[in-house]
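Given next are the chains, with one letter for each unit.
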Amino acid sequence: MSNSESRDEWTTGTRQAASHAVVAEALRQRIALGGFGPGDRLPTERELSAAFGVGRNTVRQAVRELADEGLVTTTLGRNGGTRVAPSRPGRDGSRAAITATIRASLRDYMEYRLAIEPYAARLAAERGAGAARRELVAMLATDVADLGEYHRCDTAFHLGIATAGGNEVLAEAVTRARAEMFVGGNALWLGSDWSRVYPAERDFGSAFREEHEAIALAVLSGDGDAAEARMREHLHDSHRQFLALLDQFAGQD
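The sections below set out a description of the structure shown in this document. Worth saying up front: this structure is predicted, and the values here are computed from it rather than measured. Each chain carries its own residue numbering, running from 1 in the direction its sequence is written. This being a predicted model, a pLDDT of at least 70 is required before a residue's local features are given, and a value of 80 or more before pairs of side-chain atoms are given or counted; all residues contribute to the totals for chains, interfaces and linings. Excluded from the side-chain calculation are hydrogens and water; included are all heavy atoms of the structure.

Before going further, it helps to examine the overall build of the protein. For the protein, the count of helices and strands is ten helices and two strands. In this text, helices come from DSSP runs of H or I with a minimum length of four residues, and strands from runs of E with a minimum of two, each type numbered from the N-terminal end. The helix and strand sequence of the protein, counted from the amino end, reads α-α-α-α-β-β-α-α-α-α-α-α. Across the 253 residues of the protein, 48% fall into the buried class. For the protein, restricting intrachain contacts to residue pairs at least 6 apart in sequence, the fraction spanning at least 24 positions comes to 77%. For accessible areas, the Shrake-Rupley method is used with a probe of radius 1.4 Å. Any residue's cover is judged against the shown protein chains and nothing else. Accessible surface, the protein as shown: approximately 12,000 Å² in total, 50% of it carbon and sulfur. Burial classes follow relative accessibility: with a 1.4 Å probe on protein chains only, a residue under 20% of its type's maximum area counts as buried, one over 50% as exposed, and anything between as partly exposed. Here, two residues are considered to be in contact whenever any of their heavy atoms come within 4.5 Å of each other.

Between N-to-C directions, angles cover 0 to 180 degrees, with each direction set by a line fitted to C-alpha atoms, over the stretch in contact for helices. Interhelical geometry of helix 2 (residues 20-32) versus helix 4 (residues 56-68) gives an angle of 50° and a closest axis separation of 8 Å. In this view, helix 2 runs oblique relative to helix 4, as classed from their interaxial angle. As helix 2 packs across helix 4, the resulting crossing turns out to be right-handed. Counting all contacts with helix 2, which are made through His-20, Ala-21, Val-23, Ala-24, Leu-27, Arg-28 and Ile-31, the residues of helix 4 involved are Thr-58, Gln-61, Ala-62, Glu-65 and Leu-66. Each residue gets one label: Ala, Val, Leu, Ile, Met, Phe, Trp, Tyr, Cys and Pro are nonpolar, Asp, Glu, Lys and Arg are charged, and the others, such as Gly, are polar. Classifying every residue of the contact of helix 2 with helix 4 gives seven nonpolar, three polar and two charged. Should an angle fall under 35 degrees it is called roughly parallel, over 145 degrees roughly antiparallel, and 65 to 115 degrees roughly perpendicular, with every other angle called oblique. For a crossing to be left-handed, the near helix must be turned anticlockwise from the far one by less than a right angle; the clockwise case is right-handed.

A helix is expected to span 1.5 Å multiplied by its residue count minus one. Along its 13 residues, helix 4 runs 18 Å from first to last C-alpha, staying within 8% of the 18 Å computed at 1.5 Å per residue. As for helix 4, its buried residues are in contact with helix 2, helix 3 (45-52), strand 1 (72-75) and strand 2 (81-84). With its phi angle positive at about 85°, Gly-70 sits one or two positions after the end of helix 4.

A separate point is the nonpolar core. Of all hydrophobic cores here, the largest spans 36 residues; its most connected members are Phe-157, Ile-161, Phe-208 and Val-219. Elements supplying a minimum of two residues to this core: helix 5 (95-127), helix 6 (130-139), helix 7 (147-164), helix 8 (168-185), helix 9 (204-221) and helix 10 (224-250). The element that contributes the greatest number of residues to this core is helix 5, accounting for eight residues. Residues in contact with Phe-208, not counting those within four places in the same chain, are Met-139, Leu-140, Val-144, Tyr-150, Cys-153, Asp-154 and Phe-157. Take the buried Ala, Val, Leu, Ile, Met, Phe, Trp, Tyr and Cys residues and link them wherever side-chain atoms come within 4.5 Å; each set so joined is a nonpolar core. If you look at the next biggest cluster of nonpolar residues, it comprises 17 residues, including Ala-24, Phe-36, Leu-48 and Val-59.

This next bit is on the pattern of salt bridges. In the sections that follow, a salt bridge refers to a side-chain nitrogen of Lys or Arg positioned within 4 Å of a carboxyl oxygen of Asp or Glu. Enumeration according to the criterion identifies 16 salt bridges in this entry. The closest approach of N and O atoms between Arg-28 and Glu-65, which form a salt bridge, is 2.9 Å. Residue Arg-28 is found in helix 2, and its partner Glu-65 is found in helix 4; the two are separated by 37 residues along the sequence. Glu-149 is the partner of Arg-152 in a salt bridge, and the nearest nitrogen-oxygen pair spans 2.9 Å. Of the two residues, Arg-152 and Glu-149 are both situated in helix 7; the distance of three residues between them amounts to about one turn of the helix.

Everything listed here is a matter of coordinates, which is why it stays silent on function.
Structure (structure tokens):
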């Protein structure tokens, strides 16, 4: 199976797994944390679809659910869009409790990914086909214009490694872990301050290359030890990034 085919399968699997209820809950938590305040306009349907890796119909259903709860209002016209409704006493849950829940979920998923993805990188290095390993390096030159494209490239890279090793069970585990984790996790990135994680001058493309180059080169060279170690380091760095974003909301008044 080619990497492009695996990416297509991931897209299909993610869209099935990420129901509108899951997307609605991710947005609900983001609003409760203050990431979107009263009167703030939510990202566009296209942006939400790209961030969550779901179809636009899923996004529409999720927004409709929030509207039914009175969390958001949608207006039409040039200045229309979906905005967070004025806060009502007792509506929002405890920010500390929500933060703790997200933090625990991130911990669980990252521990799971640490258990499987470094070994997947080792397999890709030690027995991956030459073409598949070279494609991972070629991905580093991808033009990454925005956050949605960054997430798509990041997913393609990690699933390219998972499939290159030739273990279908392991590849499915990596696919499932990412699909489940990033629906909620990516909500933290929407509209967030990029400089909380990266230097202000660093663009999406540079960030993608710098985070993945050492892994790709280790896999290309067939060095299983290095590939496993670089992937482990990368996942630890990713976990710290998510926690930095979460701390941004936890520290808001």
